[in-house]
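# Results of the structural survey
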Amino acid sequence: MAMISPSRRVRRTPFSDGVEAQGVKAYTVYNRMLLPTVFESVEYDYRHLKEAVQVWDVSVERQVELRGPDAGRLMQMLTPRDLRGMLPGQCYYVPMVDETGGMLNDPVCVKLAEDRYWVSIADSDLLLWVKGIAYGYRLDVLVDEPDVSPLAVQGPLADDLMARVFGEGVRDVRFFRFGMFDFEGNTFAVARSGYSKQGGFEIYVEGTENGMPLWNALFDAGKDLGVRAGCPNLIERIEGGLLSYGNDMTRWNTPHEAGLGKFCSTQTAIGCVGRDALLRVAKEGPVQQIRPISIDGGLPPCDRIWPIVVNGKKVGQVTSAANSPDFDTGVAIGMVRMTHWDEGTKVQVDTPDGMRDATVLEKFWI
Ligand code: THG
């Protein structure tokens, strides 16, 4: 494929110098910022992620900060997930929808204080929507994108590496919680979260100037653990059923279609945007839903929709696919119509390399 022409519009991150020094081989663009996709090879990176520990530049997970007396009210307007029980120190995966119930983003909400939240966004311009809602409802809240860049430490040895840099206390951080930890005179939120199923942390690094010192400290401390630079891994995230906004679901899907109905409490009081629309889909149920799909044979890269067909009729579409070394099959995420979404349903997938036999599954691989 051709190169990405660098320019100011495609933002670098606080860690880009480190990423390049570690030999990044490919980037994508996400939230108008560089996101590494390959270091050695997707397969090599996959194996290493599952066996050791990696440091990921996920600065593209930009933060939308809500700060002020109406921050909590605004946060609840933005998501159908019930936030009433959420305490400072917690992270919630929160679908966000427009007035029609169409998904706008699937961020992680980080509650820093009663009057301060970070919305750690997927790839859509959520800042503009949040600013519009805050302004339209005349809310007493500041909405901005702060100089915060998440750095993920993922893999089975993540606890050991993090303990060396932030102290033994990081081991006690629970899943989707965060604590405040010091590094060289700065205090950062460190959460047990991340876009893999291998376990690990995300450090919310405040201040561009603090990026490279932390990056270097993690690599110095992890030499004997075999630490490498890594990035969200296509194969592993499909095996784990981690959804990619813009690929697996878009504004034309409801959270229920995306399998995120469990994060929507449209019944309970909450006054969020899209509640009426979601009440309807929650009651009637979706007519298509995301499913894991195993596909026979070697697969080419998936950079467009692959129709799922049965007897010449379209019954869904594959939106992400890769070849899994561990499961020795093509692994994919697709949107499948109700008539064909049951476990074990045999279908065909129309790939650029020809028709492939495939099976609709119920549970993801990991
Ligand atoms: N971490 C942070 N910000 C992010 C992501 C992240 N922003 C962009 C993108 N990833 C948002 N999308 C997701 C998708 C899945 C998860 C988190 C963010 C995730 N899901 C777990 C799962 O499905 O197993 C847990 C969900 C839960 O139980 O609450 O982690 O990765 N900061």
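Here's a quick rundown of the structure.

Quick notes on the rules
- Residues numbered from 1 in each chain as written.
- Predicted model: local features only at pLDDT ≥ 70, side-chain atom pairs only at ≥ 80, totals over all residues.
- Heavy atoms only, no water.
- Helix = DSSP H or I, 4+ residues; strand = E, 2+ residues; numbered from the N terminus.
- Rg over C-alpha atoms; globule rule 2.2 N^0.38 Å.
- Buried < 20%, exposed > 50% of the residue type's maximum accessible area, 1.4 Å probe, protein only.
- Contact = heavy atoms within 4.5 Å.
- Areas by Shrake-Rupley, 256 points an atom, 1.4 Å probe, with all protein chains shown as cover.
- Lys, Arg positive; Asp, Glu negative; His and termini not counted.
- Charge placed at Lys NZ, Arg CZ, Asp CG, Glu CD.
- Pairing = 2+ DSSP bridges.

This part takes up the overall build of the protein. Looking only at helices and strands, the protein features 8 helices and 21 strands. Since a compact globule built from 366 residues should have a radius of gyration of about 21 Å, the 21 Å found for the protein is in line with a globular shape. Viewed in the frame of its principal axes, the protein has a C-alpha envelope of about 65 × 50 × 40 Å. By the burial criterion, 57% of the 366 residues in the protein qualify as buried. Counting only contacts in the protein whose residues sit at least 6 apart along the sequence, the fraction spanning at least 24 positions is 65%. Taken as a whole, the protein presents about 16400 Å² of accessible surface, with 51% of it coming from carbon and sulfur. Treating the 39 positive side-chain charges of the protein as one cloud and the 49 negative ones as another, the clouds have centres 5 Å apart.

What follows is about the pairing of strand 21 (residues 354–360). Here 3 bridges tie strand 16 (residues 288–295) to strand 21, and the two strands are oriented antiparallel to one another. Across the sheet, the residue bridging to isoleucine 293 is valine 360, located in strand 21. The pairing of strand 20 (residues 346–351) with strand 21 spans 6 bridges and is classified as antiparallel. Residue pairing in the sheet places threonine 351 in a bridge with glycine 354 of strand 21. Hairpin geometry of strand 20 and strand 21 is characterised by an intervening segment of 2 residues between the two adjacent antiparallel strands.

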